[in-house]
Amino acid sequence: MSSAAWQQFLISQGALFNESGEASFVAPDIPASGQLFDLSVDGLIAVSGADAQTFLQGQFTNDIKQLAESSQFTGYCTAKGRLLALFYAFSIDEVIYLQCPRALIPDLVKRLRMFVMRSKVVVEDVSEQFVCIGLASADSAAHIQHLPLRPHQTSHSALGTLIRLTDSHGKQRAQLVVNADQAEKVWKTFSATLSPTSTNQWDALEIQAGIPQVYASTREQFVPQMINLDALNGINFKKGCYTGQEIVARTHYLGKVKRRTLLATLPATTVTPNPGDAVHDAQQQEAGQIVRAAPNLQGGWWVLAECRLEAKAAGSIFWQEYELAFTELPYALP
């Protein structure tokens, strides 16, 4: 099934799509305890072959060998340690899959192929071959069958591969990776008990869980620690060399990280905050930028903002004329 055919199917199920490919659904009169999300704004890169693990071990910040045990966040850096992409990586049937915003994938596939050389590695864009579906449940695992016990673990069933994600805002969350030719059947199965919900509300749950993302507008803007990749177990400091490793390791071993991504809310605004938008202090001095933003159902916005910690400690931080109201991340920063 092509992405266009998948969108047409969801339109038949009541979805509307914006220019970014995000689905929206009319909220039910009675909020459901379980929710269903279209995640096709993300795409997948498949890396296979006898040398795939060794090849990626020299490219990414995390220990790819650990994918045999669980999924993971991992960063792909330039030689200067700046992130080209943040992947959610997992393995199915000895193929390694890298999930990230679909718009980034053509350039990333091209770049990865440049470094394959004579290795036995195949790098493919398989975004049209799979559909990723988000699941969230507010009442334990009642609506999510086969849910693994711990975050980032996977289970397999006739419906697809289920990956448990970190909880967010009192909800258990998972991602189901489905073969495209089964996606319509799977969606109809889950929509019998789960309420289809707009993609931006999945983004809000991700933000509340403190999960950053790298987009085209923020590519090469961050050293991994600036978006808390170390706090998310997305950097392995013992695995050996990879592209950008010297800068990432120096940041870790030689000094305190001076910029971090923090969780905040913004009030209702007449314009939309977007990744890459600058944030500033009361003196209009640069203080960082927006990493991720999504609507808050109570009004305003949820945001992750990368900030100079010195600027935050000195006073208020603003996006345009609006002050960020910071709140605690759900995990500790190193």
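Going by the structure above, here's the rest.
Since the structure is predicted, the reported quantities are computational estimates derived from the model, not experimental observations.

### Side note on the pattern of salt bridges
A full pass over the atoms with the stated rule returns twelve salt bridges. Among the salt bridges present, the one from Glu306 reaches Arg259, with a minimum N-O distance of 2.4 Å. Here Arg259 lies in strand 14 (residues 259-266) and Glu306 lies in strand 17 (residues 301-308), a separation of 47 residues in the sequence. With a relative accessible area of 1%, Glu306 lands in the buried category. Overlapping salt bridges, with partners in common, bring together Arg259, Glu286, Glu306, Arg308 and Glu310 in one network.

### Examining unusual backbone geometry
What is expected of a backbone is that most residues other than glycine have negative phi and most peptide bonds are trans. In this model, Asp93 sits at a positive phi of 55°, which is unusual for a non-glycine residue. Within the secondary structure, Asp93 is located in the loop between strand 6 (83-92) and strand 7 (95-101). According to the relative accessible area criterion, Asp93 is exposed, its value standing at 71%. At Gln320, a position not held by glycine, the phi torsion is positive, near 50°. Tracing the backbone shows Gln320 in the loop between strand 18 (317-319) and strand 19 (322-323). For Gln320, a relative accessible area of 39% puts it in the partly exposed group.

### Some thoughts on the sheet that holds strand 17
The strand order across the open sheet built from seven strands is 19-18-15-16-17-14-20, with neighbouring strands paired in antiparallel fashion. Edge positions in the sheet fall to strand 19 and strand 20 (325-327), since each of these pairs with one other strand and no more. As paired strands, strand 18 and strand 19 are joined by two bridges and run antiparallel to one another. Considered in strand 19, the bridge of Trp319 is made with Tyr322.

### Concerning helix 1 (residues 3-12)
When helix 1 is considered as a whole, its buried residues turn out to be Trp6, Phe9 and Leu10. All buried residues of helix 1 project into a common sector of 95° when viewed along the axis, lining one side. Of the exposed residues in helix 1, those oriented more than 90 degrees away from the buried face are Gln8 and Ser12. On its buried side, helix 1 packs onto strand 1 (16-17), strand 3 (34-38), strand 9 (130-137) and helix 4 (183-191). Taken from the residues just after helix 1, Gly14 is the one with a positive phi, measuring 105°.

### Side note on the packing of aromatic side chains
All chains considered together, the criterion is met by 13 aromatic pairs. With centroids separated by 5.9 Å and ring planes inclined at 80°, the aromatic side chains of Trp6 and Trp187 adopt a geometry described as edge-to-face. Note that Trp6 is positioned in helix 1 and Trp187 in helix 4, a separation of 181 residues in sequence. When its relative accessible area of 2% is taken as the criterion, Trp6 is described as buried. Since its relative accessible area comes to 1%, Trp187 is described here as buried. Between Tyr88 and Phe90, the ring centres sit 6.5 Å apart and the planes meet at 50°, which makes this aromatic pair tilted. Pair check on accessibility: Tyr88 and Phe90 agree, each one buried.

Criteria and thresholds
Residues numbered from 1 in each chain as written. Predicted model: local features only at pLDDT ≥ 70, side-chain atom pairs only at ≥ 80, totals over all residues. Heavy atoms only, no water. Salt bridge = Lys/Arg side-chain N within 4 Å of Asp/Glu carboxyl O. Helix = DSSP H or I, 4+ residues; strand = E, 2+ residues; numbered from the N terminus. Buried < 20%, exposed > 50% of the residue type's maximum accessible area, 1.4 Å probe, protein only. Pairing = 2+ DSSP bridges. Arc of directions from axis to C-beta. Contact = heavy atoms within 4.5 Å. Phe/Tyr/Trp six-rings, centres within 6.5 Å; stacked < 30°, edge-to-face > 60°.

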